Amino acid sequence: LFAASTITDKYLLTRPIKDARVYAFYTGVFGLFAFILAPFGFYIPSPIIIFLGILAGVIFIAALFLFFSALRIGEVSRVGISLGGLVPFFTLLFVYIGTGDVPTPPQFIAFMLLIAGSFIIIFERLAKLVHNLKKLGFVLASSFLFGLYFTLAKFLFDAQPFITAFIFVKIGGALFALLFLFSP
């Protein structure tokens, strides 16, 4: 398994990403393998939980698509670090909106430093400002959606058993990924 993963990673990382839809599609469709876990604790929850699970899956695949789009025009090291700095900010924002939880002052300062570092990294070359603005747009949109997904996933995993939530999130991701088949 590790050898197959390594060979796949080598293949994917030595070539530029040509179409983000392909990567998002396969990630979503392969998520259906989560049904293998069904005998270990799957049950049908309330309709609202089903809807939220499917919505979380859609949001996750959309976030991945935007992330892969950012990778197409930017370096992995820059895009990844920028995303890593912005996702906690959006997650914090959604947690605050959803629950009212507020970080302590040191936690808030840490979040601000992460965000500042992300913007410094994404604007590394001011000569290519238009290119950087496009990359920034993809990174911001992806970070926003990942933050929303993580917040929604936490709620789902707290509201029901892990396997049930996981399977419904993967169903939503697969359904959304199938839409990529109909895009030009």
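From a predicted model like this one, the values you see are computed outputs, not experimental measurements.

Chemist: Explain the packing of helix H2 (residues 20–30) against helix H3 (residues 47–73) residue by residue, including any values.
Modeler: Across the interface, H2 lies against H3 with an axial gap of 8 Å and an inter-helix angle of 145°. Relative to H3, the crossing made by H2 is right-handed. The residues of H3 that touch H2, namely those facing Ala20, Arg21, Tyr23, Ala24, Thr27 and Gly28, are Phe60, Ile61, Leu64, Phe65, Phe68, Ser69 and Arg72. Taken together, the residues that form the contact of H2 with H3 break down as eight nonpolar, three polar and two charged.

Chemist: Please provide a residue-by-residue account of a nonpolar patch on the surface, values included.
Modeler: A grouping of Val22, Tyr26, Phe30, Phe33 and Ile36 is seen on the molecular surface, where their side chains present a nonpolar patch of about 540 Å² in accessible area. Checked against the element boundaries, valine 22 lands in helix H2. On the basis of relative accessible area, valine 22 is assigned to the partly exposed category, the value being 39%.

Chemist: Could you give an account of the side chain of serine 143, with specific residues and numbers?
Modeler: Of note, serine 143 is situated in helix H6 (residues 129–159). We classify serine 143 as buried; its relative accessible area is 0%. Setting aside residues up to four positions removed in sequence, serine 143 forms contacts with Leu83, Leu86, Val87 and Phe90.

Chemist: Account for empty space enclosed by the protein, with residues named and values stated.
Modeler: Summed over the entire model, instances satisfying the criterion amount to one cavity of 30 Å³ or more. One number sums up the size of the largest cavity: a volume of about 40 Å³. Around the largest cavity, the lining residues are Thr27, Gly28, Gly31, Phe60, Ile61, Val169, Lys170 and Gly173. For the lining of the largest cavity, the secondary structure elements donating two or more residues are H2, H3 and helix H7 (162–178). Broken down by element, the residue count for the lining of the largest cavity peaks at three residues, all from H7.

Quick notes on the rules
- Residues numbered from 1 in each chain as written.
- Predicted model: local features only at pLDDT ≥ 70, side-chain atom pairs only at ≥ 80, totals over all residues.
- Heavy atoms only, no water.
- Axes fitted to C-alpha atoms, helices over the stretch in contact; angles between N-to-C directions.
- Helix = DSSP H or I, 4+ residues; strand = E, 2+ residues; numbered from the N terminus.
- Left-handed = near helix turned anticlockwise from the far one by under 90°.
- Contact = heavy atoms within 4.5 Å.
- Nonpolar A, V, L, I, M, F, W, Y, C, P; charged D, E, K, R; others polar.
- Patch = residues over 30% accessible without salt bridge, like charges linked within 9 Å, V, L, I, M, F, W, Y side chains within 5 Å.
- Areas by Shrake-Rupley, 256 points an atom, 1.4 Å probe, with all protein chains shown as cover.
- Salt bridge = Lys/Arg side-chain N within 4 Å of Asp/Glu carboxyl O.
- Buried < 20%, exposed > 50% of the residue type's maximum accessible area, 1.4 Å probe, protein only.
- 1 Å grid on protein atoms, 1.4 Å probe; cavity = no way out; pocket = protein on both sides within 12 Å on 5 of 7 lines; lining within 4 Å.
- Points joined across faces, edges and corners; volume = space filled by probe spheres on them.

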